[in-house]
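# Reading the structure
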Amino acid sequence: MITSVNYLLFPGAELFTFASRAIATVDAKRLQLPSVVPYLDNASVKCDAFQSALERESKNPVTKLQAAKSDMCNDAFMAFRSYCESASTRRKEGWSDAANTLLNVIRKHGWSAQHLGYKAKSGALNNIISEIRTKYPAELALIAAGELLDEVDDSQKDFEATAKQFVEVAAATNEPTVVETRPELVVALRALFQFVGLQQIAAPSADLTALTNELNALIVSSLSTLRATDTRAENKKKDTGKTDTSVAG
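Residues Met-1, Leu-198 and Ile-201 make up a contiguous nonpolar surface patch of about 340 Å² in total accessible area. When you line up the elements, Ile-201 lands in helix H8 (residues 178-202).

See below:
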């Protein structure tokens with residue numbers, strides 16, 4: 001079977017790279033596996049549409065601003081999450097239980113929200129903010145984390161305002177957007193992978209086994225690259241913070 005893929009982990013450019021490589025891998029077996037061609041061609045069409053949308057998006061003047069606002073959301077979220085983690089180790093009465101309650105909400109909706117795409121991250125952060133404010137205001141107040149959650153809320157609202165502006169600019173072109181073409185590409189890739197997997201079960205062959213192994217290797221390497229990139233980015237932020245602190249001191 002084909003390894004399951006969490007497409008939410010792939011930013012736009014990385015998703016295009018992954019999709020292109022997956023399509024090329026299957027295309028190399030086109031002659032040996034003619035039954036896969038309709039799924040392959042559909043994925044190719046969706047990938048081309050997604051690529052065009054990415055290229056248009058890169059020319060949108062709001063693109064860099066939106067990315068900067070997203071980074072602010074990431075920083076605010078990580079500050080809040082890290083504070084709650086720290087508070088969970090405090091021996092002060094009630095702090096550990098209160099902090100763990102808030103951490104459970106974060107785990108429920110998106111522990112790694114900072115790595116999600118714009119839409120998924122917005123959904124996760126809004127759910128976290130809403131549930132904590134509605135159900136656990138006492139726990140939030142007890143560990144004095146209200147200001148940090150306010151920063152998450154404010155940065156998220158600021159991002160959403162910028163995202164709305166981005167959509168308005170993109171809509172003026174009357175062309176399909178990344179938001180519209182990305183889900184279609186993901187559906188096409190899932191269908192392609194599922195068909196290959198089902199064919200391997202129903203009518204196994206050396207070509208199908210080889211293709212499955214190649215696709216699984218691609219998935220593993222792509223996810224490893226994403227994790228390595230995220231780690232480098234986080235370490236860079238930590239190093240920058242240390243440098244800033246030393247200069248300030």
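Bringing unusual backbone geometry into the picture now. Of note in the backbone geometry, Ala-144 takes a positive phi value of approximately 55° without being a glycine. On the secondary structure map, Ala-144 appears in the loop between helix H6 (137-142) and helix H7 (146-171). Its relative accessible area of 52% is what places Ala-144 among the exposed residues.

Compared with an ideal rise of 1.5 Å per residue, which puts 16 residues at 22 Å, helix H4 (residues 95-110) spans 22 Å between its outermost C-alpha atoms and is within 8% of the ideal. When H4 is considered as a whole, its buried residues turn out to be Trp-95, Ala-98, Ala-99, Leu-102, Leu-103, Val-105, Ile-106 and Gly-110. Looking straight down H4, one finds that the buried residues subtend no more than 150° of arc, so they occupy a single side. Of the exposed residues in H4, the ones pointing more than 90 degrees away from its buried face are Asp-97 and Lys-108. Looking at the buried side of H4, the elements it contacts are helix H3 (63-87), helix H5 (118-135) and H6.

Turning our eyes to something else, we now look at the packing of aromatic side chains. Within the structure shown, the criterion is met by five aromatic pairs. Their ring planes at 80° and their centres at 6.3 Å tell us that Phe-18 and Phe-193 sit as a pair that is edge-to-face. On the criterion of sequence distance, the pair formed by Phe-18 in helix H1 (residues 12-27) and Phe-193 in helix H8 is long-range, its members being 175 residues apart. Neither Phe-18 nor Phe-193 differs from the other in exposure class; each is buried. Here the aromatic residues Tyr-7, Phe-10, Phe-18 and Phe-193 are joined through ring pairs into a cluster of three or more. Across the ring face of Trp-95, the terminal group of Arg-90 is positioned such that the distance to the ring centre comes to 4.3 Å.

Parameters at a glance
- Residues numbered from 1 in each chain as written.
- Predicted model: local features only at pLDDT ≥ 70, side-chain atom pairs only at ≥ 80, totals over all residues.
- Heavy atoms only, no water.
- Patch = residues over 30% accessible without salt bridge, like charges linked within 9 Å, V, L, I, M, F, W, Y side chains within 5 Å.
- Areas by Shrake-Rupley, 256 points an atom, 1.4 Å probe, with all protein chains shown as cover.
- Salt bridge = Lys/Arg side-chain N within 4 Å of Asp/Glu carboxyl O.
- Helix = DSSP H or I, 4+ residues; strand = E, 2+ residues; numbered from the N terminus.
- Buried < 20%, exposed > 50% of the residue type's maximum accessible area, 1.4 Å probe, protein only.
- Expected span 1.5 Å × (residues − 1).
- Arc of directions from axis to C-beta.
- Contact = heavy atoms within 4.5 Å.
- Phe/Tyr/Trp six-rings, centres within 6.5 Å; stacked < 30°, edge-to-face > 60°.
- Lys NZ or Arg CZ within 6 Å of the ring centre and 35° of its normal.

Read these as geometric descriptors, not functional statements.
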